[in-house]
Amino acid sequence: MANGLPTSIIIFGASGDLTQRKLIPSLFNGYRKGRMPKQFRIVGYGNTAFTDEAFRSHLEDGIKKFASFEVKSEQWAEFASKIFYLQGKYDTLDDFEKLSEAMSKWEDGAGNRMYYMATPPGVFPNIIDLLGITEQLTENGGWRRVVIEKPFGTDLASAKNLNQQIHRTLNENQIYRIDHYLGKETVQNILITRFANTIFEPLWNRNYIDHVEITVAEKVGVEHRGKFYDGVGVMRDMFQNHLLQLLSLVAMEPPSSFEANALRNEKVKVLCSIRPMNAEAVAQNAVRSQYKGYLQENGVSPESKTPTFAALKLQVDNWRWQGVPFYLRSGKALKEKVSQITVQFKEPPHLLFNASNGIPTPNMLILFLQPDEGVHWRFEAKVPDTISETRSVDMEFKYADSFGKTAIPEAYERLLLDTITGDASLFTRADEVETAWGLIDPILEAWNSTSQPLAAYDVGSWGPAKADALLARDGKIWSMWEARKE
Ligand code: BG6
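Given the structure is predicted, the values throughout are model-derived calculations rather than measurements.

Peer 1: Residues and numbers for unusual backbone geometry, please.
Peer 2: With an omega of 0 degrees, the peptide bond running from Lys-150 to Pro-151 counts as cis. Along the polypeptide, Pro-151 turns up in the loop between β5 (144–148) and α6 (156–167). Residue Asp-108 is not a glycine yet carries a positive backbone phi of 50 degrees. Summarising the element assignment, Asp-108 is placed in the loop between α4 (93–107) and β4 (112–117). Residue classification places Asp-108 among the exposed residues on the basis of a relative accessible area of 70%. Positive phi, close to 50 degrees, is recorded for Glu-223, a residue that is not glycine. By the secondary structure assignment, Glu-223 is in the loop between β7 (209–217) and α8 (226–230). Taking relative accessible area as the criterion, Glu-223 reaches 49% and is therefore assigned partly exposed.

What follows is the structure in structure tokens.
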């Protein structure tokens, strides 16, 4: 609920890439749409020396490069006049006192504050401590909310530590842990598809679904993030957060409401139902690989064993999903950038007709998260002018056709505005992050202690043959829509 108080958005790590590329374009777009609070200002805080003017012009360069909408110069000038910069260190009490003074002066009474941690993860517990010491997190009429970027920890122990550390100063309802996948329209549409329609839910279980596939493929390699990525790898970078979030949304029970805790309770229940893997299960059900040429990337150790691709077969042990495998895969330097979820239904129990290619094709519901966002429904139809031959046809909904090409906003826009309005449904809760790490840790440990060599895959492929073998063993193939059309 808006309380009418002035709202400040303080970005730590403001001189970095994220601020210029995502945060400012998203806030500006919210402003253009009239969704920002009446009185607000944005304060950039960072090590780099900037005057307000220089900071604004640095952000304007970003807007011109990264905004997906038309930027009107008067509107930008209006918005930019609300942006300020304060140079400071992340571990110096004096600098935090200066920030506190500047904020109180502007607010002139009570005010709301959102603190955004766009810094490297190592420094934000310190920042939160200093904000606490200087009483900038005390809610004295206005709210205080802290947005934390991923990665949230590097394993279960560090995530628990981090949670304990920040809970010393903040209540859980003040913490907004970002997973930008949850800000994507198409990801939110998973819930709409399931729970705003009656036709899918009765079928959404082990009686009708054969298996579920989740693919998040990227065409780019590690680009300029070699050093960071090499210490992280695909499991921490993509699976612990994005892919497990997607799985939770597909597999969760209907929540009683869309309220943050109701929704997150259901997601946590799914994570708790995923069967943890021991070393033997990892050897059987997890594939890791590295793209050829990765070792020559800038910032990557020449002996690195960091996987840039992984595929998993997961089992969800509950009544709804018992026996339905969930196959997940993600990697860099693959053939295409594509994120999609395929829900494959069981074959008809008794075949009366001949499929045109000789293979009966089961029904599929495919949620295209990106690009070409939409939902496809694949079913069998009669081939005209045959006695009873069938062929798969595709009924499709495309966002671009129904809502226009520019209808889909940047994921951060929704997440930033939700933080301002105090809606945490699309943010991950402490127990959710920890449960996810509890699933990933044993896989990483098993990989670290194996003497098995790390397989390599070709840049521009769909990953290593072993990832195909993971499904072939169960008599299945990755039903990549595009790949099938080739
Ligand atoms: C980030 C990862 O969280 O997600 C990146 O750190 C990855 O490595 C990115 O490239 C993918 O996001 P999107 O929105 O482009 O699918």
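Next comes the rest of the account.
Peer 1: Mind laying out the side chain of Ser-330, listing which residues take part and the relevant values?
Peer 2: Tracing the chain through its elements places Ser-330 in strand β10 (residues 325–331). Given the relative accessible area of 1%, Ser-330 is considered buried. In contact with Ser-330, not counting residues within four places along its chain, are Val-216, Val-234, Met-238, Phe-239, Leu-243, Thr-308, Phe-309 and Ala-310.

Peer 1: Which residues make up the nonpolar core, and what values do they have?
Peer 2: Within the largest apolar cluster, 136 residues are counted, with the highest numbers of intra-cluster contacts made by Phe-12 and Phe-326. The element that contributes the greatest number of residues to this core is helix α9 (residues 233–251), accounting for 11 residues. Sequence-distant contacts of Phe-326, that is, excluding residues within four places in its chain, are made with Val-212, Leu-247, Val-250, Ala-251, Leu-312, Lys-313, Leu-314, Val-316 and Trp-321.

Peer 1: Any chance you could break down the pairing of strand β13 (residues 364–370) for me, citing the residues and the numbers?
Peer 2: In terms of burial, β13 is a largely internal element, seven of the seven residues being buried. Where strand β11 (residues 338–345) lies against β13, six bridges are found, and the strand directions are antiparallel. Among the inter-strand pairings, Gln-344 is bridged to a residue of β13, identified as Met-364. Here β13 folds back onto strand β14 (residues 374–382) in antiparallel fashion, the turn holding three residues, of which Asp-372 has a positive phi close to 55 degrees.

Peer 1: Describe the site of the ligand, listing the residues and the values that go with them.
Peer 2: If you check the shell around the ligand, you find Lys-150, His-180, Tyr-181, Lys-184, Glu-218, Arg-225, Asp-237, Met-238, His-242, Lys-332, Lys-337 and Gln-370 and nothing else. Glu-218 is positioned with one of its side-chain polar atoms (N or O) 2.5 Å from an oxygen atom of the ligand. Residue Lys-337 places a side-chain N or O atom 2.7 Å away from an oxygen atom belonging to the ligand. The protein chains hide 81% of the 390 Å² of surface that the ligand would expose on its own. In terms of residue class, the shell around the ligand is built from two nonpolar, three polar and seven charged.

Calculation rules
- Residues numbered from 1 in each chain as written.
- Predicted model: local features only at pLDDT ≥ 70, side-chain atom pairs only at ≥ 80, totals over all residues.
- Heavy atoms only, no water.
- Helix = DSSP H or I, 4+ residues; strand = E, 2+ residues; numbered from the N terminus.
- Buried < 20%, exposed > 50% of the residue type's maximum accessible area, 1.4 Å probe, protein only.
- Contact = heavy atoms within 4.5 Å.
- Core = buried A, V, L, I, M, F, W, Y, C linked by side-chain atoms within 4.5 Å.
- Pairing = 2+ DSSP bridges.
- Near = heavy atom within 4 Å.
- Polar contact = N/O pair within 3.5 Å; in protein donor to acceptor, adjacent residues only side chain to side chain.
- Areas by Shrake-Rupley, 256 points an atom, 1.4 Å probe, with all protein chains shown as cover.
- Nonpolar A, V, L, I, M, F, W, Y, C, P; charged D, E, K, R; others polar.

Treat this as a map of the structure, not an account of what it does.
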